[in-house]
Amino acid sequence: MARPEVLDRIKEAEQAADEIIADAEADREELISEAREEAEDIRQAAEEEAAELREERLAEARSEIEQERQVIVEEGEAEREKLEARAVEREDEVVEHVVDLFEEAVHAQT
């Protein structure tokens, strides 16, 4: 093979290698871009899932707190009713005691 032919083949091989390298770099850039997009999609999905879980847990906590509040209110109302009933039961006794104290105070002054 003549020297010019060898040089032409070397140039062709170098051009082919350059094209392969350029194609590989383009593929690499495309793969990197796709990987970044996929990572962003995964991150976004994870954030959405976390937000949903957070909202679910908040709703559950609010429900539990409301149930506990309702129990406390009911217990408080029951205790209030007991105290009112007891006060009503003792009303005559207290009035009598106050009248006795008043009479003692009046007798003490005379």
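Quick notes on the rules
Residues numbered from 1 in each chain as written. Predicted model: local features only at pLDDT ≥ 70, side-chain atom pairs only at ≥ 80, totals over all residues. Heavy atoms only, no water. Helix = DSSP H or I, 4+ residues; strand = E, 2+ residues; numbered from the N terminus. Rg over C-alpha atoms; globule rule 2.2 N^0.38 Å. Buried < 20%, exposed > 50% of the residue type's maximum accessible area, 1.4 Å probe, protein only. Patch = residues over 30% accessible without salt bridge, like charges linked within 9 Å, V, L, I, M, F, W, Y side chains within 5 Å. Areas by Shrake-Rupley, 256 points an atom, 1.4 Å probe, with all protein chains shown as cover. Salt bridge = Lys/Arg side-chain N within 4 Å of Asp/Glu carboxyl O. Lys, Arg positive; Asp, Glu negative; His and termini not counted. Charge placed at Lys NZ, Arg CZ, Asp CG, Glu CD.

(A) Examining the overall build of the protein chain more closely. Helix and strand content of the protein chain: 1 helix and 0 strands. Taken against the 2.2 N^0.38 rule, which gives 13 Å for 110 residues, the C-alpha radius of gyration of the protein chain at 46 Å runs more than 25% over that of a compact globule. Principal-axis analysis of the C-alpha atoms gives the protein chain an extent of 150 × 30 × 10 Å. The 110 residues of the protein chain split such that 0% are buried.

(B) A look at a negative patch on the surface. Taken together, the side chains of E14, D18, E19, D23, D27, E30, E34, E37, E38 and D41 define an acidic patch exposed on the protein surface. When you line up the elements, E37 lands in helix α1 (residues 3-109).

(C) Structural view of the pattern of salt bridges. All told, the structure shown has 6 salt bridges when counted by the stated rule. The salt bridge partner of R90 is E93, with a shortest N-O separation of 3.6 Å. Of this pair, R90 and E93 both sit in helix α1, 3 residues apart, roughly one helical turn. Since its relative accessible area comes to 36%, R90 is described here as partly exposed. In the salt-bridge network here, residues are joined through shared partners; they are E40, R43 and E47.

(D) Representation of a nonpolar patch on the surface within the structure. On the surface, V6, L7 and I10 cluster together into a nonpolar patch covering about 230 Å² of accessible area. Looking at the element boundaries, I10 is found in helix α1.

(E) Main features of the environment of E12. As for its position among the elements, E12 is in helix α1. The exposure class of E12 is exposed, given its relative accessible area of 53%. Taking C-alpha positions, E12 is 108 Å from A85, a pair spaced 73 residues apart along the chain.

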